[in-house]
Amino acid sequence: FDSTAAKPVLAAVVQKMGELEVKEKLEGIEGLPRDWVDFVASEKAPKDTVTSMMRHVLLNFSEGPLLDSLVTMYGRRLFWDLMAVVLQGTSSDKLKKCVGDLSQRLNLNVLTSIKLRDPEQKAKDDEAPGDNYFSNVEQARKRTFGKEFHARKQGYLDIVELAAKQPEVAKPAIFDDLVPFLRQRMDKEQENIKGDVVQALLKQNVFLAKVWETKITELQKLWSNIVTGRESQDTNSRSYFVPVCKELVKRAFHNWENRQEEALEFVSDFLDASAYVPLLVEVQRQKDDNPRSVKKIPLEAVQWAFDQQTRNGGLSLWYDAVSALCLLHNGSWKKTWVEYPFVELSYIAMLDASVKPAEVVYALVTYLDMVLEDNVQMRRAELADSTLKESKKYEPWFVPLEHPAYQKLVKSTYKSLRALEVDPGWSLNTLRRRVELLTAFTAEDIGYKGTEEEEVQAAAGIITSLKAAGRTAPRGVMWEARAMSEQSDSERCAPLLEAVLEHLDAQQEGMARIVEDDHTHIFNRLRGEESHSADSPAGTSGNLLSEIVDAYLDCKPAQKDERVMKLAKRQDGHLLIFYGELFAMHLACKRQEVLHEFLQRLVPVKSPKHEWYHHDFGTEGQVPRLATFRGKAALWHRSTQQEFFRVALDTTEEIVLQVLPQLAFVDTTPTILEILAAYPREQSSRPTLSRSASSAWDMVTHTGDLMEEIERRYAEIPAPLPTDVIQSRQVDVLLCSVGRMDHTDRAMQALSKYASEIKMAKNALVRTVPGLSTHHLRRVLAEIVGDRATSIPTRIAMLRLGLDLQ
């Protein structure tokens, strides 16, 4: 259009196209030569290109019955005739502007890609569409009549492949020839040939969905030909029809007013219920991307898709359908709820009906998450845009959660959970996930007033019911309760943790701590890895009781003492000092009388009778809690220190050597001197691992009562050997601690006696003396120098030190 020759060229094109249309009409040939079809019916161009161009030529003629009837009657020929009239009465400038506007919407550049053909290619292209198929199909059909199995099968597949290569304009005629032939032959063919042939016919998209839509009876007959009545084989055969069925549904959504009811009825037997709404969303998005299409799919079609997907009932299918519909509204459940009234009606009807226990998780967790997250997104959008009008300000929307039907379902579900009508592991997992959501969204300013109180009470009720029924709560259930306590308030979770403590025995848990490291299956079961759900929490160790005790006592100071005394009244209360930190620390600081009683009930390390807490716990020592008591023991009553000394301070572990000199009201000097006198000394016998170290393979079982197996494994472990090795490391630790004793005379007595033999003792003695008062130093020097047990070099060194200090 930038040259004077443009208009004659376009006029020639229009004239040629008109002649081809007339020829097509007269000779009954479907379609046009490929070069010209590329202009108005390119596969890359929108399907309504001709109608759109015609509307433009008719000066924006609105779409309606008149234009539709003209297109139906005259087809593309009407367009070219009108275009010729426009060319005759329009100047080049106006035509340039007209087609220029049109080119913004349509791809007119296809005119520049007219194919140049050699004579041989032109001869082939001049063949009628489909001639290649009909000239070669007979030869392929002959191979389908042979006796050899593979040859017949290949013959059928060759026919299908030949049909797939033909142009679309020839496909209707090929369909009428191919499909009846296959149906007739499939009746007498072997079943595996039937399946492969039908799969190839449908999988390769030999015929488009618009062809099958007008000949749906042929598709039904194809299915009846290959159905066998055997469920496994028929299920596989159904999958062959799924792609075609999806295309049929999408065509119905594109043109709902002209939908084929028979086709939709047929696809319902093949498509999975969860496929309908996603197909609807896909079609709607295609419409949104196409500026010339009708934007909205009718509400009737949306409801039909929703009903098809939820026809079998169930909270999961309903959730999937609503989630898919939300994609049309940027994921907003509120907008979907308001836009489609049938969503609320189906929600109420579904909740009023009996709900399967396995699907309650959707109501308790998934729906809750969906509504709360919807509000969070709306609230964040408001905070991000301060210019929103008052009408668009955030308004809390919790209609699905506040609905009476939902509230009724929640209460009835909690009642059935407490009655143990549902697996406890699944119940605790669901409640824990719900508590996580409630506590997580509490921090968001969305105006939701719900709390996790009912959920925690329900969890406590489940665990209490297990105890009342004489059943031990599964390990995974108790770990779920522990995780729930981390999410909720300590005071609110107290009944839940108390219920868990009723299921835990300190003696058994202690034995479990000894055997868990050498038996992986026991360790995993103690961690709760055999719980109900893959997302259930698992402990980092099997020491659940320590976790529960510390969580129970992690509360306000006013409540802490009350809870400690409640634990102390347990039959195994004296063993709880070995679990966690808070219980033992509180006794050491606030309840020394209870600690004194507990120490009296413990068995000393070197007693003939050994207990599980005599085994080595690594950094904690052979009697755990020494690390906790180390800084508090010096302030205890004399009798409490004596009990502590009797029970725990009878080995040469480093932590014992650190604590030993700190007992101000107990004279530990004889013990210290005994240790120093024995230096150096190897372990009295080779240390034996307190855990089973057998190299023999052992067949383990992963089922049965866990505690019974733990007790059996513990009985196989040899008695623990108290540590009595005394080397330089032990002496150094002991003397460093002795140098910090409150009773200087005791320290000096121990240091002076071994100052000549042990250099570390001499160094500690020299460091201690300058810190004494003059009067005290004179008395100490007199005792050391006058003691005949003190060596001559030590006496001389002390006298010189006194002279140096004047």
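For the structure itself, consult the block above.
Residues numbered from 1 in each chain as written. Predicted model: local features only at pLDDT ≥ 70, side-chain atom pairs only at ≥ 80, totals over all residues. Heavy atoms only, no water.

K.L.:
So what's going on with the nonpolar core? Residues and values would help.
P.N.:
Formed by 187 residues in total, the largest nonpolar core has its most connected members in W212, F241 and F253. Among the elements that make up this core, the one with the highest residue count is helix α21 (residues 360-384) (11 residues). Once residues within four sequence positions are removed from consideration, F241 is found in contact with V198, L202, L219, L222, W223, I226, F266 and F270. (Core = buried A, V, L, I, M, F, W, Y, C linked by side-chain atoms within 4.5 Å. Buried < 20%, exposed > 50% of the residue type's maximum accessible area, 1.4 Å probe, protein only. Helix = DSSP H or I, 4+ residues; strand = E, 2+ residues; numbered from the N terminus. Contact = heavy atoms within 4.5 Å.)

K.L.:
How would you sum up the environment of I226? Please name residues and give values.
P.N.:
Tracing the backbone through its elements, the reader meets I226 in helix α13 (residues 216-226). A residue is classified by how much of its surface remains accessible, and I226, at 3% relative accessible area, is buried. Through-space distance from the C-alpha of I226 to that of M186 is 7.6 Å; in sequence the pair is 40 residues apart.

K.L.:
Hey, could you go over the packing of aromatic side chains for me, with residue numbers and the actual values?
P.N.:
Considering all chains together, one arrives at 26 aromatic pairs under this definition. Their ring planes at 45° and their centres at 4.7 Å tell us that F266 and F270 sit as a pair that is tilted. Look at F266 and you get buried, because its relative accessible area is 7%. Residue F270 is classed as buried on the basis of its relative accessible area, which comes to 7%. With 5.5 Å between their ring centres and 85° between their planes, Y276 and W304 make a pair best called edge-to-face. One end of the pair, Y276, is in helix α16 (residues 276-289); the other, W304, is in helix α17 (residues 299-309), with 28 residues separating them in the sequence. Across the pair, W304 and Y276 agree in class, each one buried. Members of the aromatic cluster, connected to one another through ring pairs, are W318, Y319, W333, W337, Y347, Y362, Y367 and W397. (Phe/Tyr/Trp six-rings, centres within 6.5 Å; stacked < 30°, edge-to-face > 60°.)

K.L.:
Give a detailed account of the environment of E708, specifying residues and quantitative values.
P.N.:
For E708, the location among the structural elements is in helix α38 (residues 706-715). Taking the C-alpha atoms as reference points, E708 and Q508, 200 residues apart in sequence, are found 9.3 Å from one another.

K.L.:
Which residues make up the pattern of salt bridges, and what are the values?
P.N.:
Evaluation of the coordinates by the stated rule reveals 29 salt bridges. Notably, a salt bridge pairs E339 with K296, separated by 3.5 Å at the nearest N-O pair. A residue pair is termed long-range when its members are at least 10 positions apart, and E339 in helix α19 (residues 333-339) and K296 in the loop between α16 and α17 qualify at 43 residues. In this structure, R591 and D561 form a salt bridge, with 2.7 Å as the shortest nitrogen-oxygen distance. With R591 in the loop between α32 (582-589) and α33 (592-601) and D561 in helix α31 (residues 557-568), the pair connects residues that are 30 residues apart, well separated along the chain. Among the charged side chains, a network of salt bridges with common partners joins E138, R141 and D177. (Salt bridge = Lys/Arg side-chain N within 4 Å of Asp/Glu carboxyl O.)

K.L.:
Could you give an account of the environment of D320, naming the residues involved and the relevant values?
P.N.:
With respect to the helices and strands, D320 occurs in helix α18 (residues 315-326). A C-alpha to C-alpha distance of 8.7 Å links D320 and V277, two positions 43 residues apart in sequence.

K.L.:
Lay out helix α27 (residues 490-501) with the relevant residues and their values.
P.N.:
Looking only at α27, the buried set comprises S490, C493, A494, L496, L497, A499, V500 and L501. Taking the backbone nitrogen of E491 as reference, a side-chain oxygen 3.0 Å away marks D489 as the first, capping residue of α27. (Polar contact = N/O pair within 3.5 Å; in protein donor to acceptor, adjacent residues only side chain to side chain.)

K.L.:
Talk me through helix α28 (residues 506-515); I want residue IDs and the actual numbers.
P.N.:
Here α28 lies mainly inside the structure; 8 of its 10 residues are buried. Looking at the buried residues of α28, the elements they touch are α26 (475-487), α29 (520-526), α30 (544-553) and α38. Residue D505 occupies the N-cap position of α28, its side-chain oxygen lying 3.0 Å from the main-chain nitrogen of Q507.

K.L.:
Account for the packing of helix α9 (residues 149-164) against helix α11 (residues 191-203), naming residues and giving values.
P.N.:
For the pair α9 and α11, the least separation of the axes is 9 Å and the interaxial angle reads 15°. By the angle between their directions, the pair α9 and α11 is classed as roughly parallel. Handedness of the α9/α11 crossing: right-handed. Between α9 and α11, the residues in contact are F149, R152, K153, Y156, L157 and V160 and N192, I193, D196, V197, A200 and L201, respectively. When the residues that make up the contact of α9 with α11 are grouped by side-chain class, the tally is 8 nonpolar, 1 polar and 3 charged. (Axes fitted to C-alpha atoms, helices over the stretch in contact; angles between N-to-C directions. Parallel < 35°, antiparallel > 145°, perpendicular 65-115°, else oblique. Left-handed = near helix turned anticlockwise from the far one by under 90°. Nonpolar A, V, L, I, M, F, W, Y, C, P; charged D, E, K, R; others polar.)

K.L.:
Summarise the packing of α18 against helix α20 (residues 341-352); cite the residues concerned and give the values.
P.N.:
α20 packs onto α18 with a crossing angle of 165° between their chain directions and a minimal axis gap of 11 Å. Taken together, α18 and α20 sit at an angle that is classed as roughly antiparallel. For the pair α18 and α20, the sense of crossing is left-handed. Between α18 and α20, the contacting residues are L315, W318, V322 and L325 on the first element and F342, V343, S346, Y347, M350 and L351 on the second.

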